[in-house]
Amino acid sequence: MEYLFAKWLHILSSTLLFGTGIGSAFYLLVTVLSRDVHLIAHLSRWVVRADWLFTATTAIAQPLTGFWLLRMMGLTPATGWVAWSLVLYALAIGCWLPVVWLQMRLRDLADESVRRGESAPSQRFWRYFGAWALLGVPALFAFLAIFWLMVAKPDAPW
């Protein structure tokens, strides 16, 4: 029963982590592309909150539940598919940390544009947005590869 509970927590937290990331990225992307600074300011506040509430907590839960499962399965982090998953996870989280900072800057810059009565975001906003978008690509593919590794377990004996 402990194994099933740990596996359920691991799958649930991965779903929240990936789902929040994809959802937040989609809504922020389409909102920014609308160029409506009022809408951007409003939505970006919610994206930052969602990242702290869901992404940050599940980003911590994932390795904790993963190592718990490894212990119960008698595997080590050096196991091929596990090691690759950990490397890809470090890459994804390494991309996510600056993304959070960038999202907070995007939120602040959009708020600043609204306060100034500007109809569009600043040039600095667009530079930060470009960096945000670029960092999302490797994180997305890293998470997709991790999902594949978790399901396929390519070097597992079973």
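Presented here is a report on the structure given in the accompanying data block. (Residues numbered from 1 in each chain as written. Predicted model: local features only at pLDDT ≥ 70, side-chain atom pairs only at ≥ 80, totals over all residues. Heavy atoms only, no water.)

1. Some thoughts on the packing of aromatic side chains
Here's step 1: Evaluation of the coordinates by the stated rule reveals 10 aromatic pairs.
Here's step 2: Ring centres 5.8 Å apart and planes at 90 degrees place the aromatic pair Trp-126 and Phe-129 in the edge-to-face group. Residue Trp-126 and its partner Phe-129 are located together in helix α4 (residues 123–152), separated by 3 residues, close to a single helical turn.
Here's step 3: Relative to Trp-132, the ring of Phe-129 lies with its centre 5.4 Å away and its plane at 20 degrees, an arrangement referred to as stacked. You can see Phe-129 and its partner Trp-132 sitting in helix α4, 3 residues apart, about one turn around the helix. Trp-132 shares its class with Phe-129; the two are buried.
Here's step 4: An aromatic cluster of at least three residues, connected via ring pairs, comprises Phe-18, Tyr-89, Phe-143 and Phe-147.
Here's step 5: The cationic tip of Arg-35 hangs over the ring face of Trp-126; the distance from NZ or CZ to the ring centre is 4.6 Å. (Phe/Tyr/Trp six-rings, centres within 6.5 Å; stacked < 30°, edge-to-face > 60°. Helix = DSSP H or I, 4+ residues; strand = E, 2+ residues; numbered from the N terminus. Buried < 20%, exposed > 50% of the residue type's maximum accessible area, 1.4 Å probe, protein only. Lys NZ or Arg CZ within 6 Å of the ring centre and 35° of its normal.)

2. Remarks on the layout of surface pockets
Here's step 1: Of the pockets and cavities examined, the largest pocket occupies roughly 630 Å³.
Here's step 2: Taken together, 25 residues line the largest pocket, and the ones lying closest to its centre are His-10, Gln-62, Gly-66, Ile-146 and Met-150.
Here's step 3: Contributing elements (two or more residues each) for the lining of the largest pocket: α1 (2–34), α2 (37–73), α3 (80–115) and α4.
Here's step 4: Put simply, the second largest pocket is a space of about 530 Å³.
Here's step 5: Lining of the second largest pocket is provided by 25 residues; of these, Gly-21, Ala-25, Gly-136, Ala-139 and Leu-140 occupy positions nearest its centre.
Here's step 6: When residues of the lining of the second largest pocket are traced back to their parent elements, those giving at least two are α1, α2, α3 and α4.
Here's step 7: Among the elements that make up the lining of the second largest pocket, the one with the highest residue count is α4 (9 residues).
Here's step 8: Residue classes in the lining of the second largest pocket are distributed as 19 nonpolar, 5 polar and 1 charged. (1 Å grid on protein atoms, 1.4 Å probe; cavity = no way out; pocket = protein on both sides within 12 Å on 5 of 7 lines; lining within 4 Å. Points joined across faces, edges and corners; volume = space filled by probe spheres on them. Nonpolar A, V, L, I, M, F, W, Y, C, P; charged D, E, K, R; others polar.)

3. Overview of α3
Here's step 1: For α3, which comprises 36 residues, the first-to-last C-alpha distance of 53 Å matches the rise-based estimate of 52 Å (1.5 Å per residue) to within 8%.
Here's step 2: Among the residues trailing α3, Gly-117 stands out with phi positive, at a value near 80 degrees. (Expected span 1.5 Å × (residues − 1).)

4. Looking at the packing of α1 against α4
Here's step 1: Contact pair α1 / α4: the axes reach a minimum separation of 11 Å and the direction vectors enclose 150 degrees. With respect to α4, the element α1 is oriented roughly antiparallel. Between α1 and α4 the crossing geometry is left-handed. Seen from α1, the contacting residues are His-10, Ser-14, Leu-17, Phe-18, Ile-22, Ala-25, Leu-28, Leu-29 and Val-32; seen from α4, they are Phe-125, Trp-126, Phe-129, Trp-132, Leu-140, Phe-143, Leu-144, Phe-147 and Met-150. (Axes fitted to C-alpha atoms, helices over the stretch in contact; angles between N-to-C directions. Parallel < 35°, antiparallel > 145°, perpendicular 65-115°, else oblique. Left-handed = near helix turned anticlockwise from the far one by under 90°. Contact = heavy atoms within 4.5 Å.)

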